Amino acid sequence: MRLDLLLVRLRFAKSRALAQRWIEEGHIRCNRARVTRADHAVAVDDVLTLPIGRTVRVIAITALPQRRGPAKEARLHYRELDAGRSIAIAGARNAAPLGRD
């Protein structure tokens, strides 16, 4: 299945155009490799790294969805590998700079 279509069907992107833009800008990784083509093929057991808001979500594809259904149905097609843990990409606002205590 095409990566852009998968992102829409799993409800990570609201439209295919938005998914294609994220992919072409290099924001998505598949199996740790940066993907820049929307037609990149995704299969079951692939691991996707997705920037969502100010966090990064890492998911493993467990099944390929046939349609864009409700969110509850979409969640059945992947499992979170970083469940319960948020990986901040922007950093905390009040965090001390590196090298200082």
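Coordinates for the structure precede this section.
All values reported here derive from a predicted model rather than from experimental measurement.

**Q** When you look at the environment of A43 in this model, what are you seeing that I'm missing?
**A** Positionally, A43 belongs in the loop between β2 (33-35) and β3 (47-52). Residue A43 is classed as partly exposed on the basis of its relative accessible area of 38%. With 42 residues separating them in the primary sequence, A43 and M1 have C-alpha atoms 6.7 Å apart.

**Q** Would you mind going over the pattern of salt bridges with me for this structure?
**A** A side chain with one charge can pair with a side chain of the opposite charge if their charged atoms come near. Per the stated rule, a full pass over the model turns up six salt bridges. Measuring nitrogen to oxygen at the nearest pair gives 3.3 Å for the salt bridge that ties D4 to R16. With D4 in helix α1 (residues 3-9) and R16 in helix α2 (residues 16-24), the pair connects residues that are twelve residues apart, well separated along the chain. Two residues, E80 and R57, come together in a salt bridge whose shortest N-O distance is 2.2 Å. One end of the pair, E80, is in strand β5 (residues 78-80); the other, R57, is in strand β4 (residues 55-61), with 23 residues separating them in the sequence. Judged by relative accessible area, E80 falls into the partly exposed class, the value being 29%. When salt bridges that share partners are traced, they join R2, D4 and R16 into one network.

Reading the values: the criteria
- Residues numbered from 1 in each chain as written.
- Predicted model: local features only at pLDDT ≥ 70, side-chain atom pairs only at ≥ 80, totals over all residues.
- Heavy atoms only, no water.
- Helix = DSSP H or I, 4+ residues; strand = E, 2+ residues; numbered from the N terminus.
- Buried < 20%, exposed > 50% of the residue type's maximum accessible area, 1.4 Å probe, protein only.
- Salt bridge = Lys/Arg side-chain N within 4 Å of Asp/Glu carboxyl O.

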